[in-house]
Amino acid sequence: PLNGNGKIDAARLPDPDGILVSAADPMPPETELQSSLLRIWRDVLGNSHIGIDDDFFQSGGDSLNAITILAMLDGRATFADLYRNPTVRTLSEAMEARRAADTQGDSASEESLLIRLSRQAKPAPLHLVCFPYGGGNGTLFKDLADAVTQTSDHCDVYAVNLPGRDIGRPEALQSGSEVARRLAREIADRIQGELVLYGHCVGSALALETARCLREEGVRVRTVFVGGVLPPRSGKRLGKNHDPWRWVPDGALVRFLEWIGLSGLCIRKEYLGGMVRAFRHDVRHHYRFFREQEARGMDQLDIPVQCIVGERDPLTRRYHRQHRRWARYGRLTGVTVISGARHYFVKTHARTLALVLTHLG
């Protein structure tokens, strides 16, 4: 049985009949670091049979478990480290390499902003790059990537892992224009084939800005999807550092995000302070993007722009007419409404969103 996100619903599985035959003994740890990581993984996942070569996500790990584990590692590993190295063996090797680089003073080089979340068995002709909502990071697209893998055999999924979001690793938050330029160069170097960009909520501004930078790199984008957001009525009325949340206390901000559907996944205490700080930063960039677009004379992209909204999302309830504002920024192709969805449908309706992004892209 599957749940709404297309994953196995363990609670609905019947009790097993007869005697369970255990698999071979798991591979034991070979180093002190591997022993430490294995204890953490077994404790967090509640599975004492995990070995050093077992995949974290295939063993029951998800974004919530990832936040817990990285908090316990206190900055010694990042979200990207875990997603690129999902076994104890490979993660320990990545951590050792990072520690060696830090010791030798080689840690100043820029890390990759792209995390490859899914890989088809054969080369995929279509590549989906996802931009997170305010305060989020690339890990939130894991459910979407799984859904794409289950529903499509022609699309690879990448997530943008923005700087300054990792637990226990204080890092400067970079301007949207700087991140867009870095992303465009990295995409041009790493990805061959047709591109589809998806930005959720304020991530839509960064997706559009990256599309513009890709145009300058000579890379064609097939479609830009913007989800859970409508552009402001007029960018000219926005101040240089417009921020509707400037005078709202952190606690009230978090309660609002919960009201529109953000789950405890992203607001655990280990992650709360950094998430709120990043959220405020992302919102300011979002509004600055639209202000600068109008200031430079509306640099409209010759790229299809498709708007996606949740039927029950209070932030886009007037989408019937207001979605047409996206025509200022690209060739608007229409609006798709996800039935029953609230604002964070990237998590709650991952399978439906996957079908929209891969079949209309």
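Keep in mind it's a predicted model, so treat the numbers as computed, not measured. (Residues numbered from 1 in each chain as written. Predicted model: local features only at pLDDT ≥ 70, side-chain atom pairs only at ≥ 80, totals over all residues. Heavy atoms only, no water.)

We now examine the packing of aromatic side chains. Centre-to-centre distance and the angle between the planes together describe a pair of aromatic rings. The tally for this structure, following the rule as stated, stands at twelve aromatic pairs. On the numbers, 5.0 Å between centres and 50° between planes, the contact of Trp 245 with Phe 256 is tilted. Residue Trp 245 is located in the loop between strand E5 (221-227) and helix H8 (250-259), and its partner Phe 256 is located in helix H8; the two are separated by eleven residues in the primary sequence. Looking at Phe 256, the relative accessible area reads 24%, which means it is partly exposed. Plain terms: the ring middles of Trp 326 and Tyr 329 are 6.0 Å apart, the flat faces sit at 65° to each other, and that makes the pair edge-to-face. (Phe/Tyr/Trp six-rings, centres within 6.5 Å; stacked < 30°, edge-to-face > 60°. Helix = DSSP H or I, 4+ residues; strand = E, 2+ residues; numbered from the N terminus. Buried < 20%, exposed > 50% of the residue type's maximum accessible area, 1.4 Å probe, protein only.)

A word on the environment of Asp 146. Along the chain, Asp 146 falls in helix H5 (residues 142-151). Separated by 28 residues in the primary sequence, Asp 146 and Ser 118 place their C-alpha atoms 7.1 Å from one another.

Attention now goes to a nonpolar patch on the surface. Together, Leu 2, Ile 8 and Leu 13 give the surface a local cluster of nonpolar side chains, amounting to about 300 Å² of exposed area. Here Leu 2 is to be found in the segment before helix H1 (32-45). A relative accessible area of 48% means that Leu 2 is categorised as partly exposed. (Patch = residues over 30% accessible without salt bridge, like charges linked within 9 Å, V, L, I, M, F, W, Y side chains within 5 Å. Areas by Shrake-Rupley, 256 points an atom, 1.4 Å probe, with all protein chains shown as cover. Salt bridge = Lys/Arg side-chain N within 4 Å of Asp/Glu carboxyl O.)

A separate point is the pairing of strand E1 (residues 114-118). On a regular strand, one side chain projects to one face of the sheet and the next to the other, so that they alternate. Counted residue by residue, E1 has four buried out of five residues, so it is predominantly covered. By the bridge criterion, four bridges tie E1 to strand E3 (residues 155-160) in an arrangement that is antiparallel. Within E3, the position partnered with Arg 116 by the bridge is Tyr 158. (Pairing = 2+ DSSP bridges.)

Note: predicted coordinates in regions of low pLDDT should not be interpreted at a detailed level. When pLDDT is averaged along the protein chain, the result is 85, and 86% of the positions lie at 70 or above. Here residues 18-22 is a poorly scored stretch, pLDDT under 50, and it has zero contacts once near neighbours within four places are set aside; other chains count. (pLDDT = per-residue confidence, 0-100. Contact = heavy atoms within 4.5 Å.)

What follows concerns the sheet that holds E5. The strand order across the open sheet built from seven strands is E1-E3-E2-E4-E5-E6-E7, with neighbouring strands paired in mixed fashion. Across the chains shown, the open sheet's two edge strands, defined by having one partner strand only, are E1 and strand E7 (331-338). For this sheet, the mean angle separating the axes of adjacent strands, direction not counted, is 25°. The strands touched by H5 are E1, strand E2 (126-131) and E3; relative to E1, the strand with the most contacts, the crossing angle is about 45°. Of the strands in this sheet, E1, E2, E3 and strand E4 (194-200) are in contact with helix H6 (residues 176-190), which crosses E1 at around 50°. (Axes fitted to C-alpha atoms, helices over the stretch in contact; angles between N-to-C directions.)

The next subject is the layout of surface pockets. When its volume is computed, the second largest pocket comes out at roughly 630 Å³. In this structure, the second largest pocket is lined by 29 residues; those nearest its centre are Val 229, Leu 230, His 286, Tyr 287 and Leu 315. Counting residues per element, the ones that place at least two in the lining of the second largest pocket are H8 and helix H9 (269-295). Grouping the amino acids of the lining of the second largest pocket by side-chain chemistry returns 19 nonpolar, six polar and four charged. (1 Å grid on protein atoms, 1.4 Å probe; cavity = no way out; pocket = protein on both sides within 12 Å on 5 of 7 lines; lining within 4 Å. Points joined across faces, edges and corners; volume = space filled by probe spheres on them. Nonpolar A, V, L, I, M, F, W, Y, C, P; charged D, E, K, R; others polar.)

Attention shifts here to the nonpolar core. Core analysis: the biggest nonpolar cluster contains 67 residues, and Leu 128, Phe 141, Leu 144, Tyr 198, Ile 308 and Leu 353 have the highest contact counts within it. Among the elements that take part in this core, H1 stands out by supplying seven residues, more than any other. When near neighbours in sequence (up to four residues on either side) are disregarded, Phe 141 contacts Leu 117, Cys 130, Phe 131, Pro 132, Ala 159, Tyr 198 and Val 346. Membership of the second largest hydrophobic core comes to 37 residues, among which are Ala 180, Leu 197, Leu 206 and Val 229. (Core = buried A, V, L, I, M, F, W, Y, C linked by side-chain atoms within 4.5 Å.)

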